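# What the coordinates show
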Amino acid sequence: MSFTAFTDCFCPRFKKNRFDGISPEDFYSENLTKEEQENFNAVHLAFENWSKGKETYLTCPHCEAESKIDDYNLGKTLACSNIGFTFWNWSEFTTDFLNEIKTILGSDIKVILGHL
Ligand SMILES: [Zn+2]
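No experiment lies behind these values; they were computed from the predicted model shown.

A few words on the overall build of the chain. The helix and strand inventory of the chain stands at two helices and two strands. Going residue by residue from the N terminus, the α and β elements of the chain occur as α-β-β-α. Put simply, of all contacts in the chain between residues at least 6 apart along the chain, 49% involve residues at least 24 apart.

The end-to-end C-alpha separation of helix α1 (residues 34-51) is 26 Å, in line with the 26 Å expected for 18 residues at 1.5 Å each. Downstream of α1 by a residue or two, G53 has a phi angle that is positive, lying close to 85°.

This part covers the nonpolar core. Core analysis: the biggest nonpolar cluster contains eight residues, these being C9, C11, F19, I22, A46, L58, C60 and Y72. Among all residues touching C60, those that are not within four sequence positions of it are C11, R13, R18, A65 and S67.

A separate point is unusual backbone geometry. One non-glycine residue, E64, lies in the positive phi region at around 65°. If you trace the backbone, E64 turns up in the loop between β1 (57-59) and β2 (66-68). Unusually for a residue other than glycine, N89 sits at a positive phi of about 60°. In this fold, N89 is placed in the loop between β2 and α2 (95-105).

An α-helical turn contains 3.6 residues, so a residue and the one three or four places further along point in the same direction. Counted residue by residue, α2 has zero buried out of 11 residues, so it is predominantly exposed. Looking one or two residues past α2, G106 carries a phi angle of roughly 70°, positive in sign.

Before going further, it helps to examine the environment of E36. Looking at where E36 falls in the secondary structure, it is placed in helix α1. Owing to 18 C-beta atoms within 10 Å, E36 belongs among the partly exposed residues under this scheme.

With 9 C-beta atoms counted inside 10 Å, the residue E64 sits in the exposed group. When the C-alpha positions of E64 and K76 are compared, they lie 24 Å apart, and in sequence the two are 12 residues distant.

What counts, and at which threshold
- For every chain, the first residue of the written sequence is number 1, and numbering continues from 1 onward in sequence order.
- Predicted model: local features are reported for residues with pLDDT of at least 70 only, side-chain atom pairs are reported and counted for 80 or more only, and whole-chain, interface and lining totals are derived from all residues.
- For the purposes of this entry, the term helix denotes a DSSP run of H or I that reaches at least four residues, the term strand denotes a run of E that reaches at least two, and both are numbered from the N terminus.
- Here contacts are defined at the residue level, using C-beta atoms placed from the backbone and a cut-off of 7 Å between them.
- An expected span of 1.5 Å times one less than the residue number is assigned to each helix.
- Nonpolar cores are identified as sets of buried Ala, Val, Leu, Ile, Met, Phe, Trp, Tyr and Cys residues joined via C-beta atoms within 7 Å.
- Once C-beta atoms are placed from the backbone, each residue is buried if 20 or more other C-beta atoms lie within 10 Å of its own, exposed if 12 or fewer, and partly exposed for counts between those two.

In structure tokens, the structure reads:
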């Protein structure tokens, strides 16, 4: 399993980004410190566990809180979910549309944006 490097991984406790100050390019260079690389590797391992259906916790390097990976804010390009929908070439969703989807699913939703 591999991921495109991402730079948003906000702890649910204090909303602090574990990758603060790291650019996507840093992940592919020698710029990462050993600690930063370990922080990234921990997330990668957490995703592997989560993708196998295991309840997965991740320890925040800032506050040391242990939280479910599902509860982390992974920015606008990635989320942990049991269901996903893909809409190609749609206009921006209205709040009413998103609220209707939430009501139908009976759950909060995350909107992930991407461009090819
Ligand atoms: Zn934290």
